[in-house]
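For reference, the chains in residue letters:
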Amino acid sequence: MISAAFATTRSGGQSGPQNWTFYGIELNDFLDVFHAPNYTLSMVDTNGKTQFYAEDASGKAYLTTSAEEAKVFEDLRKEIAYVKDNMATFVRQFDVSDEVEVGGKTYTMDRTYEAATTLLEDAAYGVANGAVAAPGYAIGNTWSMHERWPWQVFIDTGYKGGSK
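All of the points below concern the structure found in this document. These numbers were taken from a predicted model, which means no experiment stands behind them.

## Things to note about the nonpolar core
Consideration 1: In terms of nonpolar packing, the biggest core is built from 25 residues, with Phe-22, Phe-34, Tyr-53 and Phe-90 touching the most fellow members.
Consideration 2: For this core, the elements supplying multiple residues, two or more each, are β3 (17–23), β5 (38–44), β10 (87–91), β11 (97–102) and β12 (105–113).
Consideration 3: Once residues lying within four places of it in the same chain are set aside, the contact partners of Phe-90 are Pro-17, Gln-18, Trp-20, Phe-30, Pro-37, Ile-80, Tyr-113, Ala-116 and Leu-119.

Following this line, the structure appears as structure tokens:
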């Protein structure tokens, strides 16, 4: 058996899409190995304080200065989170805002997405959610193990920190 592997490539600099290329793993959906991209809504009020959109247990909207209280939204639009062949892509989102109503007043709030690098779940999540090793491959305990296999001491080949 060959260990399945993936490599992370970045295109478009800090503002472009984040791509993860998987080898030896058959992917059908973005959620096979990732959780849904999440974002919160916020704005800066007239006093210079950041206000977050939140909802109480009954769904009633309110504003709060606590990021921990902010409502977390999922964004699984196919144009920003998708799989094509053996590559999973998340297109970073910038300058996106939504209008929300709080207490009868409408506010325009900015979306703040989580870091793209936090989207990848562990290998056990991947297996539980549909990631399947291609014939002749095996999925290990962690993606990190796959990600850096050429640099593992027991392999002792590949990148040597520029010394070789």
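## So, the pattern of salt bridges
Consideration 1: Per the stated rule, a full pass over the model turns up seven salt bridges.
Consideration 2: One salt bridge in this structure joins Arg-77 and Glu-79, with 3.5 Å as the shortest N-O distance.
Consideration 3: A salt bridge links Asp-98 to Arg-111; the shortest N-O distance between them is 2.8 Å. Of this pair, Asp-98 sits in strand β11 while Arg-111 sits in strand β12, placing them 13 residues apart in sequence. Accessibility classification places Asp-98 together with Arg-111 in one group, the buried group.
Consideration 4: A cluster of three or more residues bridged by salt bridges with shared partners is formed by Asp-75, Arg-77, Glu-79, Asp-98 and Arg-111.

## Some remarks on the pairing of β10
Consideration 1: Bridging between β3 and β10 involves five bridges; their strand directions are antiparallel. Along β10, the bridge assignment pairs Gln-18 with Phe-90.
Consideration 2: One ladder, built from four bridges, connects strand β9 (residues 81–84) with β10; its direction is antiparallel. Bridging across to β10, Ala-81 finds its partner in Phe-90.

Cut-off values and rules
- Residues numbered from 1 in each chain as written.
- Predicted model: local features only at pLDDT ≥ 70, side-chain atom pairs only at ≥ 80, totals over all residues.
- Heavy atoms only, no water.
- Core = buried A, V, L, I, M, F, W, Y, C linked by side-chain atoms within 4.5 Å.
- Buried < 20%, exposed > 50% of the residue type's maximum accessible area, 1.4 Å probe, protein only.
- Helix = DSSP H or I, 4+ residues; strand = E, 2+ residues; numbered from the N terminus.
- Contact = heavy atoms within 4.5 Å.
- Salt bridge = Lys/Arg side-chain N within 4 Å of Asp/Glu carboxyl O.
- Pairing = 2+ DSSP bridges.

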